[in-house]
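Given next are the chains, with one letter for each unit.
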Protein chains: 2
Amino acid sequence: MSVNHSGKSPHIAPIPDAPSLTRVVDGFIQDGTQHHINVVEEKPLTIYLNATEILTAMTIGDYPVYLALGFLFNQGMLTSMDEVQTVDFDEDIDTVVVRTKVSTDYEHKLKKRIRTSGCGIGTVFGDQMELINTIQLPFVEVKSSWLYQLSKTINTTPSLYLTAGAIHGTVLCYQSTPLVYMEDVGRHNAVDKVNGWMRSESVSAKDKILYTTGRLTSEMVIKTSMMGIPVLVSRSGFTAWGVEIARKVNLTLIGRMRGKRYICLSGNHRLTRDVIPDQKTAEVQPKNRLSQ
Amino acid sequence: MSVNHSGKSPHIAPIPDAPSLTRVVDGFIQDGTQHHINVVEEKPLTIYLNATEILTAMTIGDYPVYLALGFLFNQGMLTSMDEVQTVDFDEDIDTVVVRTKVSTDYEHKLKKRIRTSGCGIGTVFGDQMELINTIQLPFVEVKSSWLYQLSKTINTTPSLYLTAGAIHGTVLCYQSTPLVYMEDVGRHNAVDKVNGWMRSESVSAKDKILYTTGRLTSEMVIKTSMMGIPVLVSRSGFTAWGVEIARKVNLTLIGRMRGKRYICLSGNHRLTRDVIPDQKTAEVQPKNRLSQ
C-alpha cells in the first residue's frame, strides 16, 4: 500500500464516540452529589506467538491485531511480515494468536532459557539492548514549523483524551501531517498499535516523525528505535536513560513540546529552526512534567 | 516494628538531591540556545524468585529490595514474609534475588505452564484475578478533611517530582499523615516499593490510605487490593475497569483530587464529608486528566 501524504485526512484517527471504548460511570463529588461521567474502557488482551503465551496487556481494546503484531516486532520477537502466516483475534477470550511459518528465534531462545533459569521473558530485555546497539537511525530534516503545526493539529483533533481523558496518544506523522493517531490506556500500547499498522501496510519509517503524549522513557525510545523512526516528539518529560539511548541510536528526541516551547535532547543536527518564537511567547522552559 | 502515627515526620520521604537519582542533561531549546537540566535516572532491575527470572523492571533505582518484595507479593508470587529466607541485591548486575525456604506455588505452576504452553508469565494475570475475587476490604472511616490535608502536605513535600518532574509518587498514609512517600518512573514501581516496606515492617494495611499521582487503572486497583489497603486516592483519572474492580473488592476509590475537588467512584459509604468546600472553590469537575 502506498501511503498518501497529502494530509487531507489521517489514515487512522481516534473515534471518541465509539461505544466500545468508553462507559458512563457514576460517582459522588466533594459535596456528595452524584455525577455521571464518561470513562475509558480497559480490558486484557493475551498475545500468543504460536504456542507460546507472551503476555497479557491492558488495552482500550481497539486494533488488537495491530497491537499484537506491533508488540512482537518491537520486542524483536518478529523481524519480518514474511514470517507471519496468520493472525487470529478471538474476541470472546480476548486473545490474539500470531502464527509464523516456522518457529521463531525467540521461541528457541525461550526453550533454552526455560531449561536453565525458568521463564525467559525478563531476558528479552537483554536481547533487545543488544539489538539497540546495532541501530543507527537515518538522517531526515525536521522543521520547527512542522512541529508547531503537528502540536496544533493533534491537540485539536477530536480524541478520547479530549472527551474522557486518562489516556495516552501516539501519532505517526509525515512532516506536518498526522497519518495514524492511536490512543490507549498504556502509552506503549499506542506505540505498538502504530507499529502494527506500519508493518501491516509496509510503510517506510525513515522519513516519519512519532509524536506522543507520554513521557520519553527508555521503553518509548527503544520502541521508536526498533520501528526505525528517526524523530520522537513528546509534550511530556523524559528520563536520563531515554536520552542516553536516543543519543546512542542517533534518534532526534524532543521533549516538553508545549505551545512554542520545546527542548531537543538528542539529534539536534536534524532540526531546522525555520520558525523561532519571540521571547515573549517562549520565555521559560516548562517543568519536566509527567504529561499534559 | 510499631509504626509511629504521630505525623511528626514520615518514615520514608523523597530525597530529591540524592545524586544517584538524577543527572544533569544538556539540550537545545526552541531558539537554539543550550540548557542544562536535571533529569531523573532510570535503570533496569532484574528480579529473581529463587532460580526463576521473573522480570526486568525499569526503575529509578532506590529501594530495590522493597521493589522486588513488593512486586512479588503484589503478583501473588509470595504470600508471607515467613516464606522469605534471604533477599540479595547485587548492584553491579542490577539484580535482586529473593530466596524462599521452599519453592513457591508460583514456581510449581510455572513449571506446569512451561510444559504446556511455554512461558507462564501471562497467566499470572489469570491467577491474580482469581485472587482478587476472594478479597473484601475492611471498613475504615475516611474524613474529607484528611484528604484535603494529605493533598496539601504531599503536594508541598520536597520531591523528585517538584525538582525534576517526569516521575510518579505513591504515599502510604494514616488519616491525615503521610507515612511512606515513594517515587519512581513507573507508578506501579512506587506502589510495589510501598508494599515491600509494609511487608518488611509488618505494617497493618486495614487502617491506611494510599495516595498516588498516577491514573487509577486496573493494575493500580489490583495492587492496592492485594496490599489490603481499603482506600485509594489519586489526583489523576481512572479507567472503567479500575472502577469495576474497586467496587468488586469494596475499595474506596477517589479520583481527580485537585484542590477542593474530587470524585468518589466506589465505597462512598466510608467517606465522611466533615469539610465540604463552598461552590466557589469547587464548581466544575476537572477533566479526567492523565496526571498532575
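Residues numbered from 1 in each chain as written. Chains lettered and ligands numbered in written order. Predicted model: local features only at pLDDT ≥ 70, side-chain atom pairs only at ≥ 80, totals over all residues. Heavy atoms only, no water.

K.L.:
Honestly, the sheet that holds strand S13 (residues 261-266) of chain A in this entry has me stumped. Any pointers?
P.N.:
One key point about sheets: their strands pair by backbone hydrogen bonds, in either a parallel or an antiparallel sense. Overall, mixed pairing links the 8 strands, which are arranged S9(A)-S8(A)-S10(A)-S11(A)-S12(A)-S13(A)-S1(B)-S2(B) in an open sheet. Because the sheet does not close on itself, it has two edges, and the strands there are strand S9 (177-184) of chain A together with strand S2 (34-40) of chain B. Neighbouring strand axes in the sheet, compared pairwise and without regard to direction, differ in orientation by 30° on average. As judged from the 7 bridges shared by strand S8 (residues 168-174) of chain A and S9 of chain A, these two strands associate in the antiparallel manner. Of the residues in S9 of chain A, the one forming a bridge with Gly 169 of chain A is Glu 183 of chain A. On the sheet, helix H7 (residues 218-227) of chain A packs against strand S10 (209-212), strand S11 (231-234) and strand S12 (252-258) of chain A and is oriented at approximately 145° with respect to S11 of chain A. Its contacts with the sheet put helix H8 (residues 240-248) of chain A on S12 and S13 of chain A together with strand S1 (22-29) and S2 of chain B, and the angle it makes with S1 of chain B is roughly 55°. (Pairing = 2+ DSSP bridges. Helix = DSSP H or I, 4+ residues; strand = E, 2+ residues; numbered from the N terminus. Axes fitted to C-alpha atoms, helices over the stretch in contact; angles between N-to-C directions. Contact = heavy atoms within 4.5 Å.)

K.L.:
Teacher, can you tell me more about the packing of H7 of chain A against H8 of chain A here?
P.N.:
All names here are of chain A. Running from N to C, H7 and H8 cross one another at 20°; their axes reach a closest spacing of 7 Å. Here H7 lies roughly parallel to H8, going by the angle between them. Handedness of the crossing formed by H7 with H8: right-handed. Contact residues: H7 offers Ser 218, Val 221 and Ile 222, while H8 offers Trp 241, Gly 242, Ile 245 and Ala 246. (Parallel < 35°, antiparallel > 145°, perpendicular 65-115°, else oblique. Left-handed = near helix turned anticlockwise from the far one by under 90°.)

K.L.:
Looking at this model, I keep getting lost on the pairing of strand S6 (residues 95-100) of chain B. Mind explaining?
P.N.:
The side chains of a regular strand alternate between the sheet's two faces. Residues and elements named next belong to chain B. Most of S6 sits inside the fold, with 5 of its 6 residues counted as buried. Across 4 bridges, the pairing between strand S3 (residues 43-49) and S6 is parallel. Residue pairing across strands places Thr 46 opposite Thr 95, the latter belonging to S6. Alignment of strand S5 (residues 84-90) against S6, held across 6 bridges, turns out to be antiparallel. Within the sheet, the bridge partner assigned to Val 84 lies in S6 and is Thr 100. Between S5 and S6, which pair antiparallel one after the other, the connecting turn spans 4 residues, and Asp 94 there sits at a positive phi close to 45°. (Buried < 20%, exposed > 50% of the residue type's maximum accessible area, 1.4 Å probe, protein only.)

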